[in-house]
Amino acid sequence: MASSSDRIVDSHLHVWASKKEAQEFPYFPGQEPTIDGSIQLLLDKLCEANVAGALIVQPINHKFDHSYVTSSVLQNHPEKFVGCCLGNPEQDGRGLAELERLVEQDGYRAMTNEVGKRMFAKAGQLGIPVGFMCFKGLSLHIEEIETLCSLYPSTTVLIDHFGFCKPAVTEEEAATWNSLLGLARYPQVYVKVSAFFRVSRESFPYKDTWTMLRRLLDVYGPSRLMWGSDFPFVNHECGYSNAVGILHAACDHGTVSRDELEWLLGKTARQVFGGVWAGKQLKWCD
């Protein structure tokens, strides 16, 4: 069995209530899921792939209601999971108070949202990273991210899914990719090399992204990159176990070194979310 330093941590996935559980934990209107994202399915997939822990990113299916992730996932499996809450940017201050409660009482260790300055600053004070999910492209958000990083250097930033940068085939795509590389000048910025299927133009194992991965490693260094699956969506693409295998294939190819692989598959996540997983003997399966 591998040593604890070799145990894999998934830095980006989601869970939501099953149809039966939704009677107690209702979906946000208009955000009813079309695929299974239940905790039991996740546990099965983690066990199959020998993944020991994961960052649970609050799903849009429950929007700002964190009760399912809190009570059915984090409280039941504290040895496996860390929560990433969705910040509510309402101007009346409710979101700021809720952010404090989720972090200080419920144990969340990250936040995702297109946040305002007050919430971004508060995240830094609370010691939690802020995630940016740039669905419509990094170019739409790069100036905001740069401004926030400059104003609040103590707030850690996570860029999800390669910043949604695809292997560049146009000048515009190349410019966006270069802007992601440029964010490396801010020491607090980390990049999730996650959801390869969302950015690749090829089928599994998404070899056209390996050059991008190598470039990110050269610019950011392995200690600022972390792998993520984007469960449950990945199940309908290459499959969860294959998602773990992408980096192993890149390593076998010589794109990634063994030491870099260890950082990508868990060591960086342990460093960023240190207080939660540090010192724990993570188990693959219950």
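Predicted model only: the values in this text are computed from it and were never measured.

(A) Examining the side chain of D10 more closely. Residue placement: D10 occurs in strand β1 (residues 8-13). Nearest to the buried, unbridged D10 among oppositely charged side chains is K192, at 7.7 Å. Polar contacts involving the side chain of D10 include one to the side chain of S229, which spans 2.5 Å. Discounting residues that sit within four places of it in the chain, D10 has contacts with V51, G53, A54, L55, W227, G228, S229 and Y240.

(B) Fine view of the pairing of strand β2 (residues 51-57). With respect to burial, β2 is a largely interior element, seven of its seven residues being buried. The pairing of β1 with β2 spans four bridges and is classified as parallel. Residue pairing in the sheet places D10 in a bridge with A54 of β2. Judged from the four bridges that link them, β2 and strand β3 (residues 81-86) form a sheet pairing that is parallel. Its bridge partner being in β3, V57 is matched across the sheet by C84. In terms of handedness, the path from β2 via helix α2 (residues 67-74) over to β3 forms a crossover that is right-handed.

(C) Representation of the packing of aromatic side chains in the model. If you walk through the whole model with that rule in mind, you get nine aromatic pairs. For the pair W16 and F233, a centre-to-centre distance of 5.7 Å together with 55° between the ring planes defines the contact as tilted. Of this pair, W16 sits in the loop between β1 and α1 (39-49) while F233 sits in the loop between β8 (225-228) and α9 (240-253); the two residues are 217 residues apart in sequence, bridging distant segments of the chain. For F233, a relative accessible area of 29% puts it in the partly exposed group.

(D) Structural detail: the packing of helix α6 (residues 171-182) against helix α8 (residues 210-220). The interhelical angle for the contact between α6 and α8, taken along N-to-C directions, is 35°, at an axis separation of 10 Å. For the pair formed by α6 and α8, the contact residues are W177, L180 and L181 on the first element and M212, R215, L216, V219 and Y220 on the second. Its residues assigned to classes, the contact of α6 with α8 shows seven nonpolar, no polar and one charged.

(E) Region of the structure containing the nonpolar core. With 80 residues, the main nonpolar core has F81, L180, L216 and Y240 as its most contacted residues. For this core, the leading source of residues is α9, giving seven residues. Counting residues in each nonpolar core, the second largest holds 11 residues, with V9, L55, V82 and V272 among its members.

(F) Representation of the confidence of the model for the chain within the structure. Summing up the model confidence of the chain, the mean pLDDT is 89 and the portion of residues at 70 or higher is 89%. Here residues 1-5 is modelled with pLDDT under 50, and outside its nearest four sequence neighbours on either side it reaches seven contacts, counting other chains as well.

(G) Structural detail: α6. Look at α6: 16 Å from first C-alpha to last across 12 residues, which is about the 16 Å you get at 1.5 Å a residue. Residues of α6 that are buried include every one of T176, W177, S179, L180 and L181, and no others. Close packing links the buried residues of α6 with α5 (142-151), β6 (157-159), β7 (189-194) and α8.

The rules behind these values
Residues numbered from 1 in each chain as written. Predicted model: local features only at pLDDT ≥ 70, side-chain atom pairs only at ≥ 80, totals over all residues. Heavy atoms only, no water. Helix = DSSP H or I, 4+ residues; strand = E, 2+ residues; numbered from the N terminus. Buried < 20%, exposed > 50% of the residue type's maximum accessible area, 1.4 Å probe, protein only. Lys, Arg positive; Asp, Glu negative; His and termini not counted. Salt bridge = Lys/Arg side-chain N within 4 Å of Asp/Glu carboxyl O. Polar contact = N/O pair within 3.5 Å; in protein donor to acceptor, adjacent residues only side chain to side chain. Contact = heavy atoms within 4.5 Å. Pairing = 2+ DSSP bridges. Right-handed = clockwise from strand over helix to strand, strands pointing away. Phe/Tyr/Trp six-rings, centres within 6.5 Å; stacked < 30°, edge-to-face > 60°. Axes fitted to C-alpha atoms, helices over the stretch in contact; angles between N-to-C directions. Nonpolar A, V, L, I, M, F, W, Y, C, P; charged D, E, K, R; others polar. Core = buried A, V, L, I, M, F, W, Y, C linked by side-chain atoms within 4.5 Å. pLDDT = per-residue confidence, 0-100. Expected span 1.5 Å × (residues − 1).

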